[in-house]
Amino acid sequence: MTAVADLRTGRFSLPADRVREIYTLMVRARKLEERMIKMSKSGEGYFWIGGPGEEAFNVCLGLQVKKGQGPDYDYLHLHYRNSATMLAMGMEPIDAMRQMAMRRTDPHSMGRNFVGHFARREWNVLPVSSVIEIQYTMAPGTALVQKRHGGDGISIVVGGDAGTAEGDFASCMIWSSRPGQRLPVLMIVMNNHWGISTAAETQHGEEHIIDRGKPFGIPGEVVDGCDPVASWHAIARAMEYCRRERGPFMLEALVSRLHGHSSSSGAVRVENEPDCVTILEQRMLEAGVCDRTYIAHVHETEEAGIEQALEQVLREPQPDPTDVPRFTYAPSPVDAVYPQDYDDLPGRRRSS
Amino acid sequence: MTAVADLRTGRFSLPADRVREIYTLMVRARKLEERMIKMSKSGEGYFWIGGPGEEAFNVCLGLQVKKGQGPDYDYLHLHYRNSATMLAMGMEPIDAMRQMAMRRTDPHSMGRNFVGHFARREWNVLPVSSVIEIQYTMAPGTALVQKRHGGDGISIVVGGDAGTAEGDFASCMIWSSRPGQRLPVLMIVMNNHWGISTAAETQHGEEHIIDRGKPFGIPGEVVDGCDPVASWHAIARAMEYCRRERGPFMLEALVSRLHGHSSSSGAVRVENEPDCVTILEQRMLEAGVCDRTYIAHVHETEEAGIEQALEQVLREPQPDPTDVPRFTYAPSPVDAVYPQDYDDLPGRRRSS
Amino acid sequence: MATLVQAVRMALHYGETHLGVTDIFGEDVGPPLGGVFTATQGLKTAWNSPLDERGIVGTAMGIAYAGGRPVAEIQFCDYGFNTIDLLKVAGNQRWASAGNYEMPLVLMTPSGSGIRGSLYHSHSFESWASRLAGWKIFMPSRPLDAYGLMLSAIVDPNPVLALLPKALLRVRGDELLPGEPEDPEQLKAMIDAPVGDRSAWQPQWPPLEEYFIPLGKARICREGADATVVSYGRTLPLCERAADELWEERGLRFEVIDLRTIFPYDWETIRTSLLKTGRILFVNEDTEVTNFGEHLLRRVVEEHFYDVLAAPRVLQGKHVPGIGLNQIYEQNTVPQLPQIRQAMLELAMEEP
Amino acid sequence: MATLVQAVRMALHYGETHLGVTDIFGEDVGPPLGGVFTATQGLKTAWNSPLDERGIVGTAMGIAYAGGRPVAEIQFCDYGFNTIDLLKVAGNQRWASAGNYEMPLVLMTPSGSGIRGSLYHSHSFESWASRLAGWKIFMPSRPLDAYGLMLSAIVDPNPVLALLPKALLRVRGDELLPGEPEDPEQLKAMIDAPVGDRSAWQPQWPPLEEYFIPLGKARICREGADATVVSYGRTLPLCERAADELWEERGLRFEVIDLRTIFPYDWETIRTSLLKTGRILFVNEDTEVTNFGEHLLRRVVEEHFYDVLAAPRVLQGKHVPGIGLNQIYEQNTVPQLPQIRQAMLELAMEEP
Ligand SMILES: Cc1ncc(C[n+]2csc(CCOP(=O)(O)OP(=O)(O)O)c2C)c(N)n1
Ligand SMILES: Cc1ncc(C[n+]2csc(CCOP(=O)(O)OP(=O)(O)O)c2C)c(N)n1
Ligand SMILES: [Mg+2]
Ligand SMILES: [Mg+2]
């Protein structure tokens, strides 16, 4: 690929149209999250958690996912800061807001789960759970099926830096690097240097988290997750390795946490961490990728899109009491009590 | 220390009297385990598990423990193959056999636990549990108290190779290497290359288990655990590091599993693994540390001691039904229901 | 006539050849051992995992997500207590994602006392498991049920937990499985791995047939009008025997119900019997504080308080921290024949 | 008047200054945050741990072994389900080692619904916990009890689990703790950390006094002869309120019992009240299959079947995989005032 390099970091570059695509998605994600933070304060929603400060990396990730259903495609074991990844994959912002507003139309959880807890079967996006790090125990399972199935699908698992202290992070390394059974797992750590209020440097004895892969022969890379050019290429290399070698790779992205941990900690904008959006704007202007009008236009368009979506969401219905037990069980021909779904204890079924 | 070196491995040596002491304890441990295997077959006991094949290392460990009660002394978080360590610390064989024979006199568990599940408060030997690897989560706790307390006591934690796949092994590294909070934990892995029937080389992606410590700055060493000279000095170095640096160290001992996993797998003698006892006998003879008469004498004496102990044990009482709930609770001045011990559900107490 | 463990093995064979089972795995599940109880000998999709229960459950979930049909094993239920969070998540994924994903996995694990297992090979799991909403749980007490329920578990698209009663694994049934040869010695020669070297061994599977026992269907083992006793697993045959004795000696006719499925339990069969006899006893060996039998008792009290002729009751294991190895402990901790018989007699004789 | 969480904090302060508490730790427990609910602000022995619940429990056990007195926190009980094996072991160490070791640790964790916590911040834990033999478990519903029970938990030499009802943490009591200033604003100024930079902040502790509420002692909150209602935690104040309403509106006098300690529960108080009123209802919000309330009901049926004037009953949460975020879910999943009132009314009015 020797396309004209419009934005450059070291030896790596991205063409202008790609940069603008990334930028637009980053702004969309930012506007979405900022609006949802407001929703958490206005009562249009309750709890907010999300990824402002991670957009550069997360968009580059989403754009490079091999998107689809089944083992031919990538599986995504995400955590709760991946809205930008989902947008880059093509999710409409409204589907995040539906979850934020706890509507029955929320396609991820029908108003049950916190915002950012995505689930989307046709894209292999597995249900995000709040339980830190457990996704790392599951990724080898999807990767095992993929390896056996053939093709170049991989399993991508994403979590935070503090969470790597859970044993499940080690489990993922162990299960992905068994002799003769190496698995195409891309382990991504979003290192924002915080676990809620706890500073990473007070808890981590290891210099780089990816160093923990070395004893297992798992290659790794640390990347500036605020830089879309560096991130894009690091992700491309990592994916390429997993797809081709059918083995694990670790990527550690250094990112910001621009609104603190969540609405529980106030979700106020912090000032002392790099903002990937404004940094990119500066670089685009300097490199002539776009002008100020373009930037203003993107901001306006994306903001308008979000506002419009919100209006729509707020008109949509809430779940109702009969929804409480729905989707507990999948229909089963060999279940005498719950051949369809669940609604109450055995012999106390509402429907009967 | 420039004592006359009577037995030598590479640059390291041990004086003859030390070698004979180690040898005697190794034979004691071997005779004990062999007799207990017989007990498991004769019905004098049921289940057997223990450490034949690990005696060289385990005796050298036990002899170097700083033995006593409280944080000034070493804490021992052992697993179920440490009888030789206990004997080297001074345990009478009869106390192992009491557990094997499930007598009321069993000082470790009053006939409750499997053999080799030691517990001895005056030596800081914490209760061994069958649950693989959980001891690794506890060692940082005792070490933290020791570090704060001052002195040179350390926390020694021992487990098998297969068990390192549990997240708890990683937890131990993480909790022992926190910045500014490094803890004197000596992590020992007894690598016999098996987990029950599963060969290590089918599951371990890492070359040496101790390599996993490197990212955390935890130094480590692999040692031939069948060689008492090498083991003695490796243990001495490791302990010295932990005692002085007040930080963690990892030791991986390559050992044999001479009677298979346990009585569940038959406990039959395997022939294709090195036997540290016969190897040492050969070396002692070659180096002139002792003659054949001495060896025969040690065998006889130790065997006789074990037989005598067994006779005694078999005369000792069994627990009785009132023992079932005993020691559930320690006496408490602030408990209205169980100020003393437990005996049954609240309001249904046998004693009242 | 097959033993219970042979029935499980044949069900798994049928599963992997006819019902799409892709992976049967866990610690020592693959060759050479084929499971510590031989449940997985000779199965073509069986493989050995790392010693990591969290990895086992997580990987099973991943395989299920990706379209595989895993049967994972926890070697003893006693070693599954570090995975309850994952079990909760496996049980809630369909509900949490509002139907995005199913979770077609089977987890099997030996449960209960009766093999002199001491503290960590004697736990019961059904009371814990019954709290895992979204799971189906069964516990067979005879080979035919094990076969038929396991096939149902495999085809059911929800997570199913198979609790295998340790004490009954080697007990033969008195009915043939569909396709099983008449001669148990012949069966043994066909499907049990030989002692010693097994590297060249291949099982000869009998021409097994499909046979589903629906989940949620109890079995009436003895009909009777004097009183009802409901049990499952190890205590079920004891209830049958007590019923036979009480018939012969006292002329009392007990209705003995093998619940078979813990959840969803067959409430219709229980209540029909209760309405017939007016007297009911639930028997299981799990500890007695917050026990699944107490739940069933609550249903009785809630719905049939004024229908019973005697106080409904439960007989359970003692609330103590473990089951000790010396048989004095086990005999006095979990219900045995005399206590069951006594409880049944009292139930039948109670005059309100 | 202190809030419940302030009372816990003051108890911990008293504990670390007068009762030998050495370590108060967990995720975000130390500065700057002092706990996600502020329970540990300003405490001199509070420190932040790695994000690893298994390490937290294991380290607490180690500290306790080595003579420390730890108070460890699981940030939400929802995140303790990967530690059940360790909790079982903590509860059995004294029993397993036949009295060799005590386990003087306190584990505290917020439990239950009521803060719009969605799937993973709304679980209840008491039914699970009640199955952990060897533990003591309490759940206060008002600040004074939290203070007095926490002091008892600290001095009790057994493992004690403090379940803190999330919904009541910020609720003020109507009695002063011994030593607490009269003015709640003054208290707040003294011991609540300021918003914003806290690096220079020091709490001013009031002159607190020793005040033990024995474990295993319930509290009679309302006396009455018409019927008994037993509850704890979030649902207790709702029972009180329902009792007040039913008195005013219907002239019914309910005896309301705050169980306070889950185990050992105060059976004497329950049965005395039951024998007085003949009618009893247990209320809690944990899921209804194998619920601790069902255990208490079993005791009633077992011992007082012929003493009751109406069917004894329990009101509990629904058996569903989780509590959804939209309040429609929560309102229809766990008992609220109207259902409690209704159940109480039916109990009092039932004519046998
Ligand atoms: C198992 C578990 N323990 C605790 C929590 C509470 N919790 C939520 S987020 C968080 C910090 C996570 O830090 P990190 O892994 O670095 O991810 P970040 O939020 O910084 O992206 C904690 C402790 C949880 N959700 N799950
Ligand atoms: C948590 C847990 N899982 C499974 C088991 C069953 N089990 C007992 S020993 C063993 C193998 C242990 O292998 P390793 O750690 O190498 O120790 P070794 O027995 O070889 O000394 C297993 C799987 C257990 N005791 N605990
Ligand atoms: Mg972080
Ligand atoms: Mg081993």
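Just above, that's the structure.
Because the structure is a prediction, the values reported are computed rather than measured.

J.: Could you give me a rundown of the overall build of chain A, with the residues and numbers involved?
T.: Along chain A, the regular secondary structure elements total nine helices and nine strands. In terms of overall dimensions, chain A is globule-like: its C-alpha atoms have a radius of gyration of 21 Å, near the 20 Å expected for 352 residues. Projected onto its principal axes, the C-alpha positions of chain A cover 70 × 55 × 40 Å. Taking all 352 residues of chain A together, 67% fall into the buried category. In chain A, 73% of the contacts between residues at least 6 apart in sequence involve partners at least 24 apart. With 38 positive and 47 negative side-chain charges, chain A shows a spacing of 4 Å between the two charge centroids.

J.: Lay out helix α7 (residues 235–250) of chain D in plain terms, naming residues and giving numbers.
T.: Residues and elements named next belong to chain D. Under the 1.5 Å per step criterion, the end-to-end length of α7 is 21 Å for 16 residues, consistent within 8% with the ideal 22 Å. Buried within α7 we find Thr235, Leu236, Leu238, Cys239, Glu240, Ala242, Ala243, Glu245 and Leu246. Those residues of α7 that are buried are in contact with β7 (219–222), β8 (227–231), β9 (254–258), β11 (280–287) and α11 (337–349).

J.: Lay out the pattern of salt bridges in plain terms, naming residues and giving numbers.
T.: One pass over the structure, following the stated rule, counts 102 salt bridges over all chains. The salt bridge involving D:Glu302 is made with B:Arg348; its shortest N-O contact spans 3.0 Å. Of the two residues, D:Glu302 is situated in helix α9 (residues 292–304) and B:Arg348 in the segment after α9 (292–315); the pairing between them involves two chains. Relative accessible area serves as the criterion here: at 23%, B:Arg348 is assigned to the partly exposed category. Between D:Lys136 and D:Asp156 there is a salt bridge; the shortest N-O distance is 2.8 Å. Placement of the pair is D:Lys136 in strand β5 (residues 136–138) and D:Asp156 in the loop between α5 (143–155) and β6 (160–165), with a sequence separation of 20 residues. D:Asp156 matches D:Lys136 in its accessibility class, with the two residues each being buried. A single network of salt bridges, built from pairs that share partners, joins A:Asp344, A:Arg348, C:Arg298, C:Glu302, D:Glu288 and D:Glu294.

J.: Help me get a handle on the sheet that holds β8(D), residues and values and all.
T.: Neighbouring strands of a sheet are bound in pairs by backbone hydrogen bonds; such pairs are parallel or else antiparallel. All names here are of chain D. Pairing in this open sheet of five strands is mixed, and the strands run β7-β9-β8-β11-β12 from one edge to the other. The sheet is open, and its two borders are formed by β7 and β12 (313–317), each paired with just one other strand. Taken over all neighbouring pairs, the strand axes of this sheet differ in orientation by 25 degrees on average, direction set aside. Examined bridge by bridge, β8 and β9 share five bridges and lie parallel to one another. Paired with Val230 across the strands is Ile257, a residue of β9.

J.: Lay out the nonpolar core in plain terms, naming residues and giving numbers.
T.: By size, the foremost hydrophobic cluster in this structure holds 281 residues, and its most contacted members are C:Phe125, C:Met150, D:Phe125 and D:Met150. Ignoring sequence-local partners within four residues, the contact set of C:Phe125 consists of C:Cys77, C:Phe81, C:Ile84, C:Leu87, C:Ser111, C:Leu161, C:Leu163 and C:Asp286. Counting 81 residues, the second largest nonpolar core, distinct from the first, contains A:Leu76, A:Met102, A:Val128 and A:Val289.

J.: Give me the lowdown on the packing of helix α1 (residues 16–42) of chain A against helix α2 (residues 55–64) of chain A, citing residues and values where you can.
T.: Residues and elements named next belong to chain A. Put simply, α1 and α2 touch, their axes get as near as 9 Å, and they point 120 degrees apart. Crossing handedness for the pair α1 and α2: right-handed. Residues Arg18, Glu21, Ile22, Leu25, Met26, Ala29 and Arg30 of α1 lie in contact with α2, whose contacting residues are Glu55, Ala56, Val59, Cys60 and Leu63.

J.: Give a detailed account of the interface of chain B and chain A, specifying residues and quantitative values.
T.: The interface of chain B with chain A comprises 20 residues on the first partner and 20 residues on the second. Interface area for chain B against chain A, summed over the two sides, is near 1600 Å², with a carbon-plus-sulfur share of 57%. Per-residue buried area on chain B facing chain A is highest for B:Pro179, B:Pro215 and B:Phe216; these three make up 29% of the total on that side. The interface formed by chain B and chain A holds zero salt bridges in total. At the boundary of chain B with chain A, the tally comes to two residue pairs in polar contact (both at pLDDT 80 or more). Secondary-structure elements contributing two or more residues to the side of chain B that touches chain A are α6 (167–176) and β5 (177–178) of chain B. No other element matches α6(B), which puts four residues into the side of chain B that touches chain A. Tallied by class, residues from the side of chain B that touches chain A come to six nonpolar, eight polar and six charged.

J.: Could you give an account of the site of ligand 2, naming the residues involved and the relevant values?
T.: Around ligand 2, the structure places 21 residues, and the nearest of them are B:Tyr80, B:Arg81, B:Ser130, B:Asp161 and C:Glu53. Near ligand 2, residues from chains B and C are present, making the site a shared one. Here a nitrogen atom of ligand 2 and a side-chain polar atom of C:Glu53 are 2.6 Å apart. Within the side chain of C:Tyr79, an N or O atom sits 3.2 Å from a nitrogen atom of ligand 2. Bound to the protein, ligand 2 loses 97% of the 580 Å² it would expose on its own. Residues that form the shell around ligand 2 fall into these classes: eight nonpolar, eight polar and five charged.

J.: So what about the coordination of the magnesium ion (ligand 4)? Which residues, and what values?
T.: Residues and elements named next belong to chain B. Within the protein, Asp161 (OD), Asn192 (OD1) and Trp194 (O) serve as the donor atoms for the magnesium ion (ligand 4), at 2.0 to 2.1 Å. Take Asn192: its relative accessible area is 5%, and that puts it in the buried class. For Trp194, a relative accessible area of 31% corresponds to the partly exposed category.

J.: Give a detailed account of the environment of A:Lys214, specifying residues and quantitative values.
T.: Among the structural elements, A:Lys214 can be located in the loop between β7 (198–199) and β8 (220–224). Along the sequence, A:Lys214 and A:Met250 sit 36 residues apart, while their C-alpha atoms lie 9.6 Å from each other.

J.: Help me get a handle on the coordination of the magnesium ion (ligand 3), residues and values and all.
T.: Surrounding the magnesium ion (ligand 3) are the protein donor atoms A:Asp161 (OD), A:Asn192 (OD1) and A:Trp194 (O), at 2.0 Å. Owing to a relative accessible area of 2%, A:Asp161 belongs among the buried residues under this scheme.

J.: Explain the pairing of strand β4 (residues 155–160) of chain B residue by residue, including any values.
T.: All names here are of chain B. Buried residues dominate β4, accounting for six of its six residues. Burial along β4 is two-sided: Ser155, Val157 and Gly159 facing one way and Ile156, Val158 and Gly160 facing the other are all buried. As judged from the three bridges shared by strand β3 (residues 75–77) and β4, these two strands associate in the parallel manner. Paired with His77 across the strands is Val157, a residue of β4. The pairing of β4 with strand β7 (residues 185–191) spans six bridges and is classified as parallel. Bridge pairing links Val157 to Met187 in β7.

J.: I'd like to hear about the relation of the copies chain B and chain A, residue by residue, with values.
T.: Each copy of the sequence occupies a distinct position, and chain B is placed on chain A by a rotation of 180 degrees and an axial shift of 0.0 Å, giving an RMSD of 0.0 Å. Such a combination of rotation and displacement between the chain copies is what one expects of a two-fold axis. Identified as the residue of chain B closest to the rotation axis by C-alpha distance is B:Gly167, at 1.8 Å. A shared binding surface is used by both copies, with 100% of the interface residues of chain B retained as interface residues in chain A.

Basis of the calculations
Residues numbered from 1 in each chain as written. Chains lettered and ligands numbered in written order. Predicted model: local features only at pLDDT ≥ 70, side-chain atom pairs only at ≥ 80, totals over all residues. Heavy atoms only, no water. Helix = DSSP H or I, 4+ residues; strand = E, 2+ residues; numbered from the N terminus. Rg over C-alpha atoms; globule rule 2.2 N^0.38 Å. Buried < 20%, exposed > 50% of the residue type's maximum accessible area, 1.4 Å probe, protein only. Contact = heavy atoms within 4.5 Å. Lys, Arg positive; Asp, Glu negative; His and termini not counted. Charge placed at Lys NZ, Arg CZ, Asp CG, Glu CD. Expected span 1.5 Å × (residues − 1). Salt bridge = Lys/Arg side-chain N within 4 Å of Asp/Glu carboxyl O. Pairing = 2+ DSSP bridges. Axes fitted to C-alpha atoms, helices over the stretch in contact; angles between N-to-C directions. Core = buried A, V, L, I, M, F, W, Y, C linked by side-chain atoms within 4.5 Å. Left-handed = near helix turned anticlockwise from the far one by under 90°. Buried area = accessible area lost by both parts, 1.4 Å probe. Polar contact = N/O pair within 3.5 Å; in protein donor to acceptor, adjacent residues only side chain to side chain. Nonpolar A, V, L, I, M, F, W, Y, C, P; charged D, E, K, R; others polar. Near = heavy atom within 4 Å. Areas by Shrake-Rupley, 256 points an atom, 1.4 Å probe, with all protein chains shown as cover. Donors = N, O, S within 2.8 Å, 3.2 Å for Na, K, Ca; no water. Least-squares fit on C-alpha atoms with pLDDT ≥ 70 in both.

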